[in-house]
Amino acid sequence: MNAAGFHLAMYNFGQHVAPLDAPEVQGFLRREPLNFAAAEMASGFVGRSGYDGEPGPESWGVQVFPRFLEGSRFDTGPSSLSLWWDIESLMAFSYAGVHAEALKNARNWNTKNDWPPLVLWWVEAGQRPDWTGAAAKLEFLHDHGAGPQAFTFKQPYRPDGAPVEIDRARVKALVEANAPGQSDLLAQLKHIPV
């Protein structure tokens, strides 16, 4: 459900099981461009942050990471920051097609963590979140649980702060609408080892 004048922000963060150049995470790295392409073609996609020094969209500020990275052996972790028309659009992309295949294999590339894998919140249309604020939102969700300022698919809120039910029929319709655009990407996945 979209409320006029707002977009849904999504930030996710994890930790790989090995350094980026290790064979254990190459399946993730080879899928990443396909996931970005699938997102950009998905109904309800508004935009995403790129990463400093990499080809693609402009970075939405300096990329920082939540405190959960501290004490690990890594300086970075897999993360993304994007904007969507509404919760149903993001859910349709996340749990079907190319991204669903990546989620199915995520345990091969990422460690199991005690923090939430993602956080959602509303921003005014025309505004875009930055990495610093996104990391703070994930920490807030971990520390305080879901609420209007930081939530999950399991406990969603409207921009006015009221809890909301996800329109599952709309999610299903969006999955169907997205499917034709992902067929070529899914075919490419068949040739990429996990």
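Residues numbered from 1 in each chain as written. Predicted model: local features only at pLDDT ≥ 70, side-chain atom pairs only at ≥ 80, totals over all residues. Heavy atoms only, no water.

1. With respect to the overall build of the protein chain
Argument step 1. A count of helices and strands for the protein chain gives 5 helices and 4 strands.
Argument step 2. In sequence order, the secondary structure elements of the protein chain are arranged as β-α-β-β-α-α-β-α-α.
Argument step 3. Against the 2.2 N^0.38 benchmark of 16 Å for 194 residues, the protein chain shows a C-alpha radius of gyration of 16 Å, consistent with a compact globule.
Argument step 4. Projected onto its principal axes, the C-alpha coordinates of the protein chain cover approximately 45 × 40 × 30 Å.
Argument step 5. In the protein chain, of all internal contacts separated by at least 6 residues, the share reaching a separation of at least 24 is 77%.
Argument step 6. Entry remark: accessible area of the protein chain is about 10,000 Å², with carbon and sulfur atoms responsible for 54%. (Helix = DSSP H or I, 4+ residues; strand = E, 2+ residues; numbered from the N terminus. Rg over C-alpha atoms; globule rule 2.2 N^0.38 Å. Contact = heavy atoms within 4.5 Å. Areas by Shrake-Rupley, 256 points an atom, 1.4 Å probe, with all protein chains shown as cover.)

2. Some details on the nonpolar core
Argument step 1. Membership of the largest hydrophobic core comes to 26 residues, with the highest contact counts inside it found for L8, I87, L90, L120 and F153.
Argument step 2. Elements with a minimum of two residues in this core: β1 (6–13), α1 (26–41), α2 (87–94), β4 (118–124) and α5 (168–189).
Argument step 3. Among the elements that line this core, the one with the most residues is α2, at 5 residues.
Argument step 4. Excluding anything up to four places from it in sequence, L120 contacts L8, A9, M10, L90, Q149, A150, F151, T152 and F153.
Argument step 5. Core analysis: the second largest hydrophobic core is formed by 22 residues, F36, L81, W115 and V123 among them. (Core = buried A, V, L, I, M, F, W, Y, C linked by side-chain atoms within 4.5 Å. Buried < 20%, exposed > 50% of the residue type's maximum accessible area, 1.4 Å probe, protein only.)

3. A closer look at the environment of Y11
Argument step 1. Counting through the fold element by element, Y11 comes out in strand β1.
Argument step 2. Sequence spacing of Y11 and A150 is 139 residues, and the spatial spacing of their C-alpha atoms is 10 Å.

4. Regarding α1
Argument step 1. The end-to-end C-alpha distance of α1, which contains 16 residues, comes to 24 Å, matching closely the 22 Å that a straight helix rising 1.5 Å per residue would cover.
Argument step 2. Largest kink in α1: about 35°, centred on E32, with the proline P33 one to four residues after it.
Argument step 3. Turning to α1, its buried residues are G27, F28, R31, L34, N35, F36, A38 and A39.
Argument step 4. For α1, the elements touching its buried residues are β2 (45–48), β3 (79–84), α2, α3 (97–109) and α5. (Expected span 1.5 Å × (residues − 1). Bend = angle between axes of the 7 residues up to and from the residue.)

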